[in-house]
Structures are given as C-alpha cells and as structure tokens.
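Here is what each chain is made of, one letter per residue.
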Amino acid sequence: MLRGLATVSFWADDLEAAKEWYVELLGTEPYFERPGNGQPAAYYEFRIGDYQAELGLIDRRYAPPGAPATPGGAVVHWHVDDVQATLDRLLSMGATPYTPLTEYGPGFVTASVADPFGNVLGIMYNRHYLEILGR
C-alpha cells in the first residue's frame, strides 16, 4: 500500500525567503519551479538525500482553508549522521526548537525544529536507516 515517501510539502508566506533558506541548508538549488517562465513562483521542489526524496516549498496562499500557520501535526524525520551538529546548524540559521534532542536507545536519536516559516523539520540518527541503505 504505502510504497515510500514521495513528497514532503512545507508552506511559506515568503516563498523566496524559504527557498533561499533551504538552498543554504541543503547546499543545492531546487530542480523544479512552478509556474516559472518569468511568473512569480508558487512552488519549488528539491531532490535530497540518499533516496532523492522530494521536499516541496509551497506559497501559503495555496494552503487548504483552515490550515494552521503554526508548527504542529506530523513530524517527518530526515536521517542525519550527527543530530547535535545538525541541530546546532539549524538553530544558528534561525530555526527554533520544537522537540529536544532525545536518545531513545542505542542508535536512535531525534530532535526537531520549526523552520523560520513555521514548518516542523525533524532530524534523526536511526541505525536501521543505515542498515537498509547498506543492503
């Protein structure tokens, strides 16, 4: 049924600022823009990580009616090699703490932040992720 993460979508009131923030964080430009061709962008998409997952940034004017503008809901955790170093970098870039760095046992560490645009960004070291990646 569920075959894999396809796209994680984040909303932003200032889409251009969000794009620049994520370009700095990810070290890459978005590979897709909509509408583009001289028109203001409404959507940017990045391919990131070991499995080239999609991270989409969407102008908040396209959010569903009643969608909250504050952090909350599901937390998607992205695997990182060093949770503390990544957390420190995110905080230095203007993100705010959402959940603290927590160890859940050997090989499982998580934390999350709210990006400057109100989206929750989870980070995790997960030894099972590395086992699957190594297969």
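Just so you know, these numbers come straight off a predicted model, no measurement behind them.

**Notes on the overall build of the protein chain**
Then step 1. Secondary structure assignment for the protein chain yields 3 helices and 8 strands.
Then step 2. Going residue by residue from the N terminus, the α and β elements of the protein chain occur as β-α-β-β-β-β-α-β-β-β-α.
Then step 3. Since a compact globule built from 135 residues should have a radius of gyration of about 14 Å, the 15 Å found for the protein chain is in line with a globular shape.
Then step 4. Counting only C-alpha atoms, the protein chain reaches 50 × 30 × 30 Å along its principal axes.
Then step 5. Here the protein chain, with 135 residues, has 39% of them falling under the buried criterion.
Then step 6. For the protein chain, long-range pairs separated by at least 24 residues make up 52% of all intrachain contacts whose partners lie at least 6 apart in sequence.
Then step 7. Summing over all exposed atoms, the protein chain offers an accessible surface of approximately 8100 Å²; the carbon and sulfur share of this is 55%.
Then step 8. Here the protein chain contributes 9 positive and 17 negative side-chain charges, whose respective centroids are spaced 8 Å apart.

**A closer look at the pattern of salt bridges**
Then step 1. Evaluation of the coordinates by the stated rule reveals 4 salt bridges.
Then step 2. Across the pair Lys 19 and Glu 20 runs a salt bridge, and its minimum N-O distance is 3.4 Å.
Then step 3. For Glu 20, a relative accessible area of 43% gives the class partly exposed.
Then step 4. Notably, a salt bridge pairs Arg 47 with Glu 54, separated by 2.7 Å at the nearest N-O pair.

Basis of the calculations
Residues numbered from 1 in each chain as written. Predicted model: local features only at pLDDT ≥ 70, side-chain atom pairs only at ≥ 80, totals over all residues. Heavy atoms only, no water. Helix = DSSP H or I, 4+ residues; strand = E, 2+ residues; numbered from the N terminus. Rg over C-alpha atoms; globule rule 2.2 N^0.38 Å. Buried < 20%, exposed > 50% of the residue type's maximum accessible area, 1.4 Å probe, protein only. Contact = heavy atoms within 4.5 Å. Areas by Shrake-Rupley, 256 points an atom, 1.4 Å probe, with all protein chains shown as cover. Lys, Arg positive; Asp, Glu negative; His and termini not counted. Charge placed at Lys NZ, Arg CZ, Asp CG, Glu CD. Salt bridge = Lys/Arg side-chain N within 4 Å of Asp/Glu carboxyl O.

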